[in-house]
Amino acid sequence: PFTPPPPPPPPAEGDGEEGEAPPPPAEPKPTPKPMPEAFEFCKKLVLQHSLKGVEGHVDLFSHSDVQLFTNYITTSYMHHYKLYQYVAAHDQELDKHSVTLFVNTAFPPPPPPRGPPGGGS
């Protein structure tokens, strides 16, 4: 089984620039649900949004929509559920790049010729 690496230690106080405001506190991440619990929650929502007579019913999905959705959830999404959990629950390293672009603009058009139009004398 895959064991994720431990998170990096938090920065020590005083590591920021002098006069720099401290970053706002991070919002707590939701606790990921175990796969069986997440699948049951998903089933409940699909039924609630497709079957008439279910409490809180919203007629959103047709029978064919439910078949397609259920097939996707069981053959793809749930197979990668632990990966999605790991990615969502752990902060990712920010890879920030900046690029300076220079844009050349066209020269202004020449002034119109002087004199009467048509070149008459």
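Note: the structure precedes this text.
Residues numbered from 1 in each chain as written. Predicted model: local features only at pLDDT ≥ 70, side-chain atom pairs only at ≥ 80, totals over all residues. Heavy atoms only, no water.

Caption draft 1: Inspection of the packing of aromatic side chains at higher detail. One pass over the full model with this rule turns up three aromatic pairs. Taken together, a centroid distance of 6.1 Å and an interplanar angle of 15 degrees make the contact between Phe61 and Phe69 stacked. Directly above the ring of Phe41 sits Lys33, whose terminal nitrogen or CZ lies 5.7 Å from the centroid. (Phe/Tyr/Trp six-rings, centres within 6.5 Å; stacked < 30°, edge-to-face > 60°. Lys NZ or Arg CZ within 6 Å of the ring centre and 35° of its normal.)

Caption draft 2: Seen up close, helix α1 (residues 35-48). Compared with an ideal rise of 1.5 Å per residue, which puts 14 residues at 20 Å, α1 spans 20 Å between its outermost C-alpha atoms and is within 8% of the ideal. Buried within α1 we find Ala38, Cys42, Val46 and Gln48. Burial along α1 is one-sided: seen end-on, the buried residues are contained in an arc of 165 degrees. Exposed and facing more than 90 degrees away from the buried side of α1 are Pro36 and Lys44. On the buried face of α1, the contacting elements are α2 (63-77) and α3 (81-89). (Helix = DSSP H or I, 4+ residues; strand = E, 2+ residues; numbered from the N terminus. Expected span 1.5 Å × (residues − 1). Buried < 20%, exposed > 50% of the residue type's maximum accessible area, 1.4 Å probe, protein only. Arc of directions from axis to C-beta. Contact = heavy atoms within 4.5 Å.)

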